[in-house]
Amino acid sequence: MSFLNPWMLLGGLAAGIPIALHFLYRARYKPIPWGAMKFLRLAVEQTSRRLKFQELILLIIRTLALLLLALALSRLTTCVGTKGTGPRGEAVDAIFIIDTSYSMNAKEGVQTRLDVAKEAAIKVINGLPAGSTVQIITCSDRATTVGPRSPSNLDQAKLIINGLKATQQATDYLPGLIEAVNAFERTTGNQKEVYLFSDMGRNGWESQSSAIRDKCTEIKNQATLYLVRCANQPIYNVSIIDLKPQTVIPHTGERVPFTVLVKNTSTETVKNLTLSLEVDGKTNEKEDQPIEKIAPGEIRAINLTAKIEEAGWRILTAKLNTDDLPDDNRFSKVLLIRKKVRVLMIDGAPDERDPERSAAFFLGHAILPVPERPAELREKYHVRLSVLRTREVSPSSLNEQDVCILANVPLTGPNALSPEVVRRLTEFVKGGGGLFITGGPNLEPKSYNRGLGSEGEKLLPSDIVDFAIRPENDPVYPDLSSAEPFSFLGKFAEKGSRLNMLKNTDILTYVRVQEPEAGTAQVLMRYTDGSPFILSRRHGDGEILFLTARADRWDWGYLATNPTFIPLVQGVLTQLVERSSSGYNLIAGQTLRYLPNDTNKSYVLTTPPKDSRSPEEKIKLGKPIPVVGSDRNGLIVNETSTAGIYIITPEGEKDGQPFAVNPDPREIEGMDPLTDEVINDLIGFKAIYFGASEESDAITSNTRSKNERTVWILSLVLIFIFGESLWAWYCSKAW
Amino acid sequence: MASQYLKADVLARAEALGIKARQIVEGLRVGDHKSPFRGFSVEFVQHREYVPGDDIRHIDWKSYGRSERYTIKQYEQETNFACHILLDASKSMQYGEGDSNKLEYAKLLTAVISYLVVRQRDSVGLYVFDQKLRIKLPASSSLVQVNTILRTLEEIEPDEKTEIGPLLEQIAETTRRRGLVFVISDAFDEVEPLLKGLRALRYLGHEVTLFHTLHSDELNFPFSGNLKFDGLEIPEEIKTRPHLIRPNYLRIFNAYLEELQKGCNASRIDYVQLETTKPLVEVLPQYLVRRLQMGRG
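Residues numbered from 1 in each chain as written. Chains lettered and ligands numbered in written order. Predicted model: local features only at pLDDT ≥ 70, side-chain atom pairs only at ≥ 80, totals over all residues. Heavy atoms only, no water.

Peer 1: Would you mind going over the environment of Pro151(A) with me for this structure?
Peer 2: Residues and elements named next belong to chain A. Counting through the fold element by element, proline 151 comes out in the loop between strand 8 (143-147) and helix 4 (154-162). With relative accessibility at 23%, the residue proline 151 sits in the partly exposed group. Residues proline 151 and threonine 133, 18 residues apart in the sequence, show an inter-C-alpha distance of 4.8 Å. Aside from chain neighbours lying at most four places away, what touches proline 151 is Ser132, Thr133, Val134 and Gln135. (Helix = DSSP H or I, 4+ residues; strand = E, 2+ residues; numbered from the N terminus. Buried < 20%, exposed > 50% of the residue type's maximum accessible area, 1.4 Å probe, protein only. Contact = heavy atoms within 4.5 Å.)

Peer 1: How do you make sense of the confidence of the model for chain B when you look at a structure like this?
Peer 2: Low pLDDT means the predicted atomic positions in that stretch should not be read closely. Residues and elements named next belong to chain B. Mean pLDDT over chain B works out to 78, with 80% of the residues at or above the 70 mark. In this model residues 13-31 is a low-confidence stretch, pLDDT under 50, and it forms 71 contacts with partners more than four residues away in sequence or in other chains. Low pLDDT (under 50) marks residues 35-42, which in the prediction has 27 contacts with non-local residues, meaning those over four places away or in another chain. (pLDDT = per-residue confidence, 0-100.)

Peer 1: Teacher, can you tell me more about the pairing of strand 9 (residues 191-198) of chain A here?
Peer 2: Residue and element names in this part refer to chain A. Counting buried positions along strand 9 gives 8 out of 8 residues, so the element sits mostly inside the fold. The sheet contact formed by strand 4 (residues 92-99) and strand 9 spans 7 bridges and is parallel. Bridge pairing in strand 9 links isoleucine 98 to phenylalanine 197. Summarising the sheet, strand 9 and strand 10 (residues 224-229) pair through 6 bridges and their orientation is parallel. Bridged to phenylalanine 197 within strand 10 is valine 228. (Pairing = 2+ DSSP bridges.)

Peer 1: Is there a simple way to explain the packing of aromatic side chains in this structure?
Peer 2: Aromatic rings in a pair are described by how distant their centres are and how their planes are angled relative to each other. Within this structure, the stated rule accounts for 37 aromatic pairs over all chains. An angle of 80° between the planes, with centres 5.4 Å apart, marks the rings of Trp34(A) and Phe223(B) as edge-to-face. One end of the pair, Trp34(A), is in strand 2 (residues 30-34); the other, Phe223(B), is in the loop between helix 7 (216-220) and strand 9 (227-231), on a second chain. The exposure class of Phe223(B) is buried, given its relative accessible area of 13%. Measuring from centroid to centroid gives 5.5 Å for Tyr249(B) and Phe253(B), while their planes differ by 15°, and the two rings are stacked. Highlighted residues: Tyr249(B) and Phe253(B), both in helix 8 (residues 242-266), separated by 4 residues, approximately one helical turn. Across the pair, exposure class does not vary: Tyr249(B) and Phe253(B) are buried alike. (Phe/Tyr/Trp six-rings, centres within 6.5 Å; stacked < 30°, edge-to-face > 60°.)

Peer 1: Sorry, what's going on with the layout of surface pockets here?
Peer 2: Sizing a probe to match a water molecule and rolling it over the atoms shows the empty space that remains. Residue and element names in this part refer to chain A. Taken as a whole, the largest pocket holds about 1300 Å³ of empty space. Lining of the largest pocket is provided by 42 residues; of these, Gly431, Gly432, Asp541, Tyr584 and Arg632 occupy positions nearest its centre. Secondary structure elements with two or more residues in the lining of the largest pocket: helix 10 (419-430), helix 13 (565-579) and strand 29 (592-594). The leading source of residues in the lining of the largest pocket is helix 10, at 4 residues. (1 Å grid on protein atoms, 1.4 Å probe; cavity = no way out; pocket = protein on both sides within 12 Å on 5 of 7 lines; lining within 4 Å. Points joined across faces, edges and corners; volume = space filled by probe spheres on them.)

Peer 1: I keep staring at the state of the cysteines and nothing clicks. Help me out?
Peer 2: Working definition of a disulfide: a covalent bond connecting the sulfur atoms of two cysteines. Residue and element names in this part refer to chain A. Using the criterion set out here, one finds 0 disulfides over all chains in the structure. As a non-bridged cysteine, cysteine 216 has cysteine 139 as the owner of its nearest cysteine sulfur, 11 Å distant. With no disulfide of its own, cysteine 230 lies closest to cysteine 139 among cysteine sulfurs, the gap being 13 Å. (Disulfide = S-S within 2.5 Å.)

Peer 1: Is there a simple way to explain the sheet that holds strand 15 (residues 299-307) of chain A in this structure?
Peer 2: What holds strands together in a sheet is hydrogen bonding between their backbones, with the strands either parallel or antiparallel. All names here are of chain A. Strand order across the open sheet formed by 3 strands is 11-12-15, with antiparallel pairing between neighbours. Each of the sheet's edge strands pairs with one partner strand only, and the pair in question is strand 11 (238-245) and strand 15. Direction aside, the axes of adjacent strands within the sheet are offset by 30° on average. The pairing of strand 11 with strand 12 (residues 255-264) spans 7 bridges and is antiparallel. Residue isoleucine 240 lies in a different strand from strand 12, and its bridge partner there is valine 262. (Axes fitted to C-alpha atoms, helices over the stretch in contact; angles between N-to-C directions.)

Peer 1: Could you clarify how one ought to interpret the side chain of Thr438(A) in this entry?
Peer 2: All names here are of chain A. Within the secondary structure layout, threonine 438 lies in strand 21 (residues 434-439). Residue classification places threonine 438 among the buried positions, given a relative accessible area of 2%. A distance of 3.4 Å separates the side chain of threonine 438 from the backbone nitrogen of asparagine 408, its partner in a polar contact. (Polar contact = N/O pair within 3.5 Å; in protein donor to acceptor, adjacent residues only side chain to side chain.)

See below:
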């Protein structure tokens, strides 16, 4: 609520006139001598209460009439800012929230949705009354006020709008709405208008619907909210949502299989796509895979191989040929390719007389699936395995290891792992190491829960309850349908895969664990009775995988002798090794953190081009500085809104640390636009909608005049005057 | 006679009509009025049965010869009468400007009546009162009496409040001789005590007339604006917007008038309402005509 002529509110002081007259006339009485006082007194006594009431009513009506008149002259308007009291007449303080999430890069004919939004925004600016101001906020899952420096500089505002580029972040309107409310503080005018230029994707409204509802209500109380639709057609799009090694640890020298997950996010079948995978941008060695068609909503895992020639940080990029939304047609992953993956296995049940009965026996063979003779074969193999008994393990044993396996390791008794090693395990995982815990009778629940579980180091994905023992004729099996598709187990669930044989594994006894709390750990696969089979928990830069079945001798079941055991163990190692690169694979908008070994050097950040016409940018980062949560100095980069490869290089050097930033996958989950009715339901009131191609002038002008309440208030004044006349007449012609 | 209260035009019309007493009054001198004491005059009125104690000289023997019953002859006799004018000089009578001032109007009325009565060779007395009896001029028929009354009237200043009821009873006790009593007052007193006093006079055989002297403002309450009414008789002020209370005032005042008038009628007291804005020259003749007609009837 505000006023177009706020100075006229001073006219409200006129409301004091009847009050002043009331008291003035009461004070100024003409004296008259009178004899018949007895009758007069009686008349006054019988009338005074009624008179006072009548006079009070008249006084109130007259005062209100004057107040309302002043209100009408001040041109009260609703749905506009309450704080604006400046004498700026009909000038508007417009706040533009422009959606720059990557769905706005979707094609609308020859333009993108963002181009449509820009044109619409400029059209609105051109239609603003004289003296208006504009503040521009870009909004994806975060919001930034981008200018103009002087809100009244509309030309600068247009330039800023024309220069806007979409990010690869997801849509969330809440930050933009919050920023818009904050922007009210910087306005001085009487009418505030908030415009949201967007494709109105479901994701943007529903991700924080309750808070959005509150914020929209807050805006509605202070301004007029316009929702400008910038999308007219559905997006014909297939998105690459993940790229990961399969069950082979990426290594040099031969083509390694990878899985690329693609999803059809549109409402119709997409045909004739080609997916390719390349390493370090070497297109000559890329592998292509045609996709004949993919149904709406379908997620498909495509197998591709890549040849990695050198160890070190490699950039794998999957590409899809063009569709309506180019941003998610490219997915990069930075992987550390090790010459040797170093695995330390702690054997909790060694058996020297019969090594086959050792806990490490089958696991060891699965980790090194090459013959023991000749020895060069194992030397050449890309995994180096060390097996130690529990008593032989010291905290330093974990130095320079990539993965540690606890094979049926006791935490209590004479062969228990020492507490120092347990504590070191925590640091090891936090620093990016992988920990694989396998089941067995040595996993005594109390000691595990106290040592690695919720009462101890919190490495166990979930606390152990007991051992579930099944009758021999009623075993449980790994339930492939419960496999987490984005994990290495997704491969085991693929239709027709030989890895499906995993489901035939009889499990007679397993470690029963508590159902993990959401957000702390994830069940990657379950048994057919619903109990967790393999669980995962992330800790720092590393990951813990917990196999609740026994991976050695077969009195708990036959997992170790199942043909899928080797791929299962290789898959575990692959996931754990890949996980160590997770800090280098980010989602657009995430903070990039780099802890270089040499903290004395200055570093330069090379950012990817914002679009095909822009060059790469180099930004000086300077020397590493103290970083929260780390005892080492590091470099922090917050601006990662553009997907692509970011490289941090020591100044003057050629090679640097690459980081892959990919589009936010949340965006593709809700790109379908919501209807006006659904949005109204979500925000709790009727907003004003118009299409970007519509004439915004007519709509905004109409709304502005509708918001002005002068006519209503003048009508009210007339009613009051009429009422006053009636009442005065009723009160013995008091005029 | 050159008093401000004896206006020639008033007197001219009043004289033409004269004052004819409607009742028979007792007089000291033979005049135009009939005596209430029947029996010893030439104008026969009626017979009545003889009762022991009657003077046997008045027995009508002719009637006895016809009816063999002792009867006494009764006669009417014209007499002089005494007129008592009771003038209210309380402060409430001060209201009104110029000719419409109630006290001035009442004084004029007093002077006129006095003159007319004396000219008819009847006697007139004056009682001036407010809360108490302030002046008492015994009845006299000499022309000097008029002068005395006029002088007295000129000297009267309003004072105190009206409390007429007890005073009338007091006056009644001192005027045993029956006659005409004119009470000239605004009668802003409690109705019941006032009527009680008037009835006391009436009980003694006086023919009582109440000249209820009121100003048109008191009758119509035509005020507007913000007024502060200062009590003339009592130190009280009432601030009000009179147009707003007018209906209520009129209702109360008219109820009072109605009660007073009904009380007077019930006690055979002649009630005459005088509005001081109406010239006496018009009002008094009307009253006298009405009075005469009633007397003849």
